[in-house]
Each structure stands twice: as structure tokens, then as C-alpha cells.
Amino acid sequence: MNKHKNKKLDPLPIPRLIIKIGQFLNLFSTKAVVVYAAKLFTTPIKHRIPKRELEMNAASTQQLISVPSITKSIMVYEYGKSDKKVLLVHGWSGRGTQLFKIADALRKEGYSTISFDAPAHGKSPGNSSIMLEFIASIFELEKQFGPFEIAIGHSLGGMAVLNAAKSGFKTNKIVVIGSGDIVQDIINDFIKKLELKPIISLKLRNYFENKYKEKMDNYAAFKAAAAISKPILVVHDENDYEVPVGAGIHIHQHAPNSELMLTQGLGHRKILGDAKVIHKIIEFIK
């Protein structure tokens, strides 16, 4: 066991009832369990805004905008007024105010931030989402609020920012924090937590590829980073039990122009409010 392991940093376990339902379905129909797993995989948990984020929530100009390419809407948060704009992208089951400490530090440096609740997250309507919709949202925000000097993404948001930049989203510098890397690894981990056999993981990938007519492998963060010449700062915690540190290291190794900051004892979310991390981000973008 890792001597640094801290139960407070561990991801929340999947409720036993959800696991039991999957195992029960698997007894009768592989197709049924794949559809069930796909539904779970694409349904974020909507958390209430914690007290620490209420100040940014209250001080932001908020508006619900349409993202025509996916026929969905997203809640947008405009925090501060400046021509120097930074795009903030939260992770799975996150919110547009989740990176508030980073946003506060950026405002002190003369930047304003644009963030959003991804489809089916926070105040945005809907029940399901997927990374492709995060990416589509980024392009719509660039069209309506850009250009952005900096883009900062956490977890799935980091993967989305890198993939958007690979596909033409323009920004001078990118910061990814606790970013995932290879989609198949994420699916494998999810199926393992559901206590289902590895074959279900492959069938789930095939299900998504058939549905979205896209190869999931095309969205690996390390491949996107390899195609980006702009400076990238990769921040990852060695004790991140939701997204292994190897993901961040792998992204850094493939990016032609990147820096790597490894932290300890912060896990997957505390890293967003750490003073040293925020100082490094400000130093990097200046």
C-alpha cells in the first residue's frame, strides 16, 4: 500500500446497489449490461454549489447559451471584465465555479475568466453528456466570447481543452490539471469499479464508437498534446486516485513544448486550490 495514501483523497465508491444491478443484468444479457454501463458512464452527478464557490457564483455574470452543433445549452459564467480572457473548463461532474481560486488569482493579475457548466452539469439542462460535448462547448465559447489568451482544464476538462486545441481552438498557452489521457484506460477503470469483466469494457467502447461514429482512441490526450506547439503546463498529483499520475507524465512526454509539475498529497480536487499550484500557473502564463 502507498504510504502516502489518504482516505480523504480516494474517489467516492460506486454504491453497491448500482454494482449489483449491473451484475444481475450481466447474467441475462451482455447487451443490456453494456447499455446500462453506457447510461451510467454518460450521466454526471449534479452536486450543489459548496459555500466556498458562492462568492464567484454571485459575482459572475451568468447566461444560458445555445451550442447549436450539439443542440444543447450551457450556463456560462463571466467573472471580471478584461480584454485578457482565460477559459476555465471543469471536469466530469464538476461546475463552472469549481476553479474559483484559480479564477480569483487570475483576476488579481488583470484577467477575466469565462467558465461554464458543461451539458447536464451544474445549472445546464440535460441528463447526459460526453467529452465531445465539452469540446463543442469550447468552440462555441470561442466564437461568442473569445479570443482566449489562456485555457485551463481540470480532469476531463483538460482532455477536452487539448483535443479542442488540436482541432483548431486558438489560445496562447494551455494548463491541464489532473487530466485523463487514454479513453480506453478510463473506460477500463470504470468497468473495473462496476466489478464487471474486462470484455464489457471493450464492448462499451464499441458501443460508443458505433453511436458517435468516432474512434475513442482519437481523443487520447497525449496524441492531442503531441500535435500542439503552444506551451503546455501539466500539473498532476502523485496521490491522485481518480486519474493516475502516469496520465499526466505521459501527456508531458508527448507534448513538444511542455512543463510538468508534480505535487504530493493533494489528490484529484484539492490540487485546484493549492497555493503553490496557483503560483506556478500564474508564473507560467506571465
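See the structure shown above.
Residues numbered from 1 in each chain as written. Predicted model: local features only at pLDDT ≥ 70, side-chain atom pairs only at ≥ 80, totals over all residues. Heavy atoms only, no water.

Q: So what's going on with the overall build of the protein chain? Which residues, and what values?
A: Within the protein chain, the regular secondary structure consists of 11 helices and eight strands. Taking 286 residues into account, the globule formula puts the C-alpha radius of gyration at 19 Å, and the protein chain, at 18 Å, falls close to it. Its C-alpha atoms put the protein chain at 60 × 45 × 40 Å along the principal axes. Across the 286 residues in the protein chain, those meeting the buried criterion constitute 50%. Within the protein chain, residue pairs in contact and separated by at least 24 positions form 72% of the contacts whose partners lie at least 6 positions apart. With the model as given, the accessible surface of the protein chain reaches about 13800 Å², and the carbon-plus-sulfur share is 55%. (Helix = DSSP H or I, 4+ residues; strand = E, 2+ residues; numbered from the N terminus. Rg over C-alpha atoms; globule rule 2.2 N^0.38 Å. Buried < 20%, exposed > 50% of the residue type's maximum accessible area, 1.4 Å probe, protein only. Contact = heavy atoms within 4.5 Å. Areas by Shrake-Rupley, 256 points an atom, 1.4 Å probe, with all protein chains shown as cover.)

Q: So what's going on with the environment of Leu88? Residues and values would help.
A: Mapping Leu88 onto the fold places it in strand β3 (residues 85–89). By relative accessible area, which is 2% here, Leu88 ends up buried. In sequence terms Leu88 and Gly157 are 69 residues apart; their C-alpha atoms lie 8.4 Å from each other. With near-sequence residues (within four places) excluded, Leu88 lies in contact with Leu99, Ala103, Leu106, Thr113, Ile114, Ser115, Phe116 and Ile152.

Q: Which residues make up the packing of aromatic side chains, and what values do they have?
A: Within this structure, the stated rule accounts for eight aromatic pairs. Pairing Phe148 with Phe169 gives two aromatic rings, centres 6.3 Å apart and planes at 45°, and the pair type is tilted. In this pair, Phe148 sits in the loop between α5 (131–145) and β5 (150–154) while Phe169 sits in the loop between α6 (156–166) and β6 (173–177), placing the two residues 21 residues apart along the sequence. A network of ring pairs unites the aromatic residues Phe41, Phe190, Tyr207, Phe208 and Tyr212 as a single cluster. Looking at Lys84, its charged tip hangs above the ring of Tyr111, at a distance of 4.3 Å from the centre. (Phe/Tyr/Trp six-rings, centres within 6.5 Å; stacked < 30°, edge-to-face > 60°. Lys NZ or Arg CZ within 6 Å of the ring centre and 35° of its normal.)

Q: Let's hear about the sheet that holds β5: which residues, and what values?
A: Spatially, β1-β2-β4-β3-β5-β6-β7-β8 is the arrangement adopted by the eight strands of the open sheet, whose pairing is mixed. Of all the strands in the sheet, the pair left with one neighbour each is β1 (61–67) and β8 (258–263). On average, each strand axis in the sheet is inclined to that of its neighbour by 20°, with strand direction left out of account. With six bridges connecting them, strand β7 (residues 232–237) and β8 associate as parallel partners. Considered in β8, the bridge of Ile232 is made with Ser258. On top of the sheet, α6 reaches β3, β5, β6 and β7; it is set at about 140° to β5, its chief contact. (Pairing = 2+ DSSP bridges. Axes fitted to C-alpha atoms, helices over the stretch in contact; angles between N-to-C directions.)

Q: I'd like a description of helix α11 (residues 275–285), backed by residues and values.
A: Residues that lie three or four places apart on an α-helix share one face, since the helix turns once every 3.6 residues. Along α11, the positions that sit buried rather than exposed are Val277, Ile278, Ile281, Ile282, Phe284 and Ile285. Each buried residue of α11 lies within a common arc of 160° when the element is viewed along its axis, so the set occupies one face. α11 presents Ala275, Lys276 and His279 as exposed residues on the side facing more than 90 degrees away from its buried surface. Next to the buried residues of α11 lie α4 (100–108), β5, β6, β7 and β8. Measuring from the side-chain oxygen of the N-cap residue of α11 to the backbone nitrogen of Lys276 gives 3.1 Å; that N-cap residue is Asp274. (Arc of directions from axis to C-beta. Polar contact = N/O pair within 3.5 Å; in protein donor to acceptor, adjacent residues only side chain to side chain.)

Q: Please provide a residue-by-residue account of helix α8 (residues 198–212), values included.
A: Along its 15 residues, α8 runs 22 Å from first to last C-alpha, staying within 8% of the 21 Å computed at 1.5 Å per residue. The set of residues buried in α8 consists of Ile200, Ser201, Leu204, Phe208 and Glu209. One or two residues past the end of α8 sits Lys213, with phi positive at roughly 55°. (Expected span 1.5 Å × (residues − 1).)

Q: How would you sum up the packing of helix α7 (residues 183–193) against α8? Please name residues and give values.
A: Contact geometry of α7 with α8 gives a least axis separation of 9 Å together with a crossing angle of 130°. As summarised for this structure, α7 and α8 are arranged oblique, according to the angle between their axes. Handedness of the α7/α8 crossing: right-handed. For the pair formed by α7 and α8, the contact residues are Gln184, Ile187, Asn188, Phe190 and Ile191 on the first element and Ile200, Ser201, Leu202, Leu204, Arg205 and Phe208 on the second. Grouping the constituent residues of the contact of α7 with α8 by class yields seven nonpolar, three polar and one charged. (Parallel < 35°, antiparallel > 145°, perpendicular 65-115°, else oblique. Left-handed = near helix turned anticlockwise from the far one by under 90°. Nonpolar A, V, L, I, M, F, W, Y, C, P; charged D, E, K, R; others polar.)

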